Amino acid sequence: MPFQFTRSDCTIEDYLDNLDSKYTYPVWQRGEGWSRVYKEDLILSILNGIDIPKIYIAKIKNSKIYYIMDGGHRSRAIKDFKNNEFYIETEDGKQMYYN
């Protein structure tokens with residue numbers, strides 16, 4: 001079999017810690033395309049403990065390269081929120097940033 005698959009779970013905290021340093025987007029991955037509303041909805045889902053779709057990461061054999069194969073938009077939204085590029089509006093109308 002030409003492919004080997006390994007399943008591994010990680011916390012959102014571990015994913016965030018490695019998002020900038022370990023994972024990269026392959027050239028065929030679509031660029032940014034989500035509106036602010038989509039990003040907010042994703043972050044609210046995470047904060048409310050709602051399951052989000054899996055993010056698939058592939059490690060290139062015999063290298064230290066990890067590609068985000070599926071989940072690029074979700075990863076960018078999470079990264080943008082972590083970098084305080086947008087806020088979530090709370091129920092009482094306050095602006096909540098990552099920090």
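Residues numbered from 1 in each chain as written. Predicted model: local features only at pLDDT ≥ 70, side-chain atom pairs only at ≥ 80, totals over all residues. Heavy atoms only, no water.

(A) Broad picture of the nonpolar core. With eight residues, the main nonpolar core is built from L16, L42, I43, A77, I78, F81, F86 and I88. No other element matches the three residues that helix α3 (residues 72-82) contributes to this core. With near-sequence residues (within four places) excluded, F81 lies in contact with I43, F86, Y87, I88, M96, Y97 and Y98. (Core = buried A, V, L, I, M, F, W, Y, C linked by side-chain atoms within 4.5 Å. Buried < 20%, exposed > 50% of the residue type's maximum accessible area, 1.4 Å probe, protein only. Helix = DSSP H or I, 4+ residues; strand = E, 2+ residues; numbered from the N terminus. Contact = heavy atoms within 4.5 Å.)

(B) Region of interest: the confidence of the model for the chain. Confidence in the prediction for the chain averages 85 pLDDT; 95% of positions are at 70 or higher. In the model of the chain, helix α1 (residues 12-19) stands out as the element of lowest mean pLDDT, 82, in contrast to helix α2 (residues 36-47), which has the highest, 93. (pLDDT = per-residue confidence, 0-100.)

(C) Broad picture of the packing of α2 against α3. Closest axis-to-axis distance for the α2/α3 pair is 9 Å, and the angle between their directions is 80°. Classified by the interaxial angle, the pair formed by α2 and α3 is roughly perpendicular. Taking contact as the criterion, the partners of K39, L42, I43 and I46 in α2 are, on α3, R74, A77, I78, D80 and F81. (Axes fitted to C-alpha atoms, helices over the stretch in contact; angles between N-to-C directions. Parallel < 35°, antiparallel > 145°, perpendicular 65-115°, else oblique.)

(D) Spotlight on the packing of aromatic side chains. Tallied over the entire structure, the rule returns six aromatic pairs. When the centroid spacing of 5.4 Å and the interplanar angle of 25° are considered together, the rings of Y15 and Y23 count as stacked. Of the two residues, Y15 and Y23, both sit in the buried class. Aromatic side chains Y23 and Y66 sit 6.1 Å apart centroid to centroid with 80° between the ring planes, which places their arrangement in the edge-to-face category. Here Y23 is found in strand β1 (residues 23-24), whereas its partner Y66 is found in strand β3 (residues 66-70), with 43 residues between them in sequence. Within the aromatic cluster, the residues linked to one another by ring pairs are Y15, Y23 and Y66. (Phe/Tyr/Trp six-rings, centres within 6.5 Å; stacked < 30°, edge-to-face > 60°.)

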